[in-house]
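The chain contents come next:
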Amino acid sequence: MVLDKLYENKKIASATHNIHAYRIYCEDKQTFLQDCEDDGETAAGGRLLHLLQILDVRNVMVVVSRWYGGILLGPDRFKHINNCARNILVEENYIESTDDPAKSGGKNKKQKSKKGK
């Protein structure tokens, strides 16, 4: 039903791949209903679902549309697909931005001091 509505958009319908994954939390069973689809982009749906799992997002469906532009991206395509998904999850407040090291729990990087000669 959701995908049918998206495919009404000519740009989305013309995409080479519409990769999607979803996670719906079922309160009564305390389990997740989750699945993914590659749409011909081998392993991309599974990686997208894995991203949703490690971010522990709930009640969300992410669709990443990809158009072939004449350049084979190789394994980098997964990085681009996941970055696109992560960015929209941040933008729509499903997760916090990881730009701020204090929020992401990462270590603060110390800047190297320049030594004079």
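Predicted model only: the values in this text are computed from it and were never measured.

1. What about the overall build of the protein?
And step 1. Assigned secondary structure in the protein consists of five helices and three strands.
And step 2. The helix and strand sequence of the protein, counted from the amino end, reads α-α-β-β-α-β-α-α.
And step 3. When the 117 residues of the protein are sorted by exposure, 24% land in the buried category.
And step 4. In the protein, of all internal contacts separated by at least 6 residues, the share reaching a separation of at least 24 is 59%.
And step 5. Accessible surface computed for the protein: about 9000 Å², of which carbon and sulfur atoms make up 50%.

2. Side note on the confidence of the model for the protein
And step 1. Taken as a whole, the protein shows an average pLDDT of 86; of its residues, 83% reach a score of 70 or greater.
And step 2. Between residues 100-115, whose pLDDT stays under 50, and residues either more than four places distant or in other chains, the model counts seven contacts.

3. Notes on the nonpolar core
Inside soluble globular proteins, nonpolar side chains tend to come together where they are buried.
And step 1. Residues L48, L52, V57, V62, V64, A85 and L89 are the most contacted members of the largest nonpolar core, which totals 16 residues.
And step 2. Counting residues per element, the ones that place at least two in this core are strand 1 (17-26), helix 3 (44-54), strand 3 (60-66) and helix 4 (76-91).
And step 3. Top contributing element to this core by residue count: helix 3, with five residues.
And step 4. In contact with L89, other than residues within four places in its own chain, are L52, L55, V57, V60, V62, Y94 and I95.

4. What to know about the packing of aromatic side chains
And step 1. Under the defined criterion, the tally for this structure stands at one aromatic pair.
And step 2. The ring of W67 has K11 sitting right over it, with the charged end atom 5.8 Å from the ring centre.
And step 3. It is R23 that lies over the ring of F32; its NZ or CZ is 3.7 Å from the centre.

5. Observations concerning the pairing of strand 1
And step 1. Among the ten residues in strand 1, seven count as buried, and that is most of the element.
And step 2. Sheet topology note: the strand 1/strand 3 ladder contains seven bridges and is antiparallel. Along strand 3, the bridge assignment pairs N18 with S65.
And step 3. Between the antiparallel neighbours strand 1 and strand 2 (residues 31-37) lie four residues, among them Q30 with a positive phi of about 50 degrees.

6. Considering the packing of helix 3 against helix 4
When two helices pack together, you describe them by how their axes are tilted relative to each other and by the distance separating the axes.
And step 1. In contact at an axis separation of 10 Å, helix 3 and helix 4 are set at 40 degrees when each is read in the N-to-C sense. On the basis of their axis angle, the class for helix 3 and helix 4 is oblique. Crossing handedness for the pair helix 3 and helix 4: right-handed. Here helix 3 contributes A44, R47, L48, L51 and L52 to the contact with helix 4, which in turn contributes F78, I81, N82, A85, R86 and L89.
And step 2. Residues belonging to the contact of helix 3 with helix 4 are distributed by class as follows: eight nonpolar, one polar and two charged.

The rules we used
Residues numbered from 1 in each chain as written. Predicted model: local features only at pLDDT ≥ 70, side-chain atom pairs only at ≥ 80, totals over all residues. Heavy atoms only, no water. Helix = DSSP H or I, 4+ residues; strand = E, 2+ residues; numbered from the N terminus. Buried < 20%, exposed > 50% of the residue type's maximum accessible area, 1.4 Å probe, protein only. Contact = heavy atoms within 4.5 Å. Areas by Shrake-Rupley, 256 points an atom, 1.4 Å probe, with all protein chains shown as cover. pLDDT = per-residue confidence, 0-100. Core = buried A, V, L, I, M, F, W, Y, C linked by side-chain atoms within 4.5 Å. Phe/Tyr/Trp six-rings, centres within 6.5 Å; stacked < 30°, edge-to-face > 60°. Lys NZ or Arg CZ within 6 Å of the ring centre and 35° of its normal. Pairing = 2+ DSSP bridges. Axes fitted to C-alpha atoms, helices over the stretch in contact; angles between N-to-C directions. Parallel < 35°, antiparallel > 145°, perpendicular 65-115°, else oblique. Left-handed = near helix turned anticlockwise from the far one by under 90°. Nonpolar A, V, L, I, M, F, W, Y, C, P; charged D, E, K, R; others polar.

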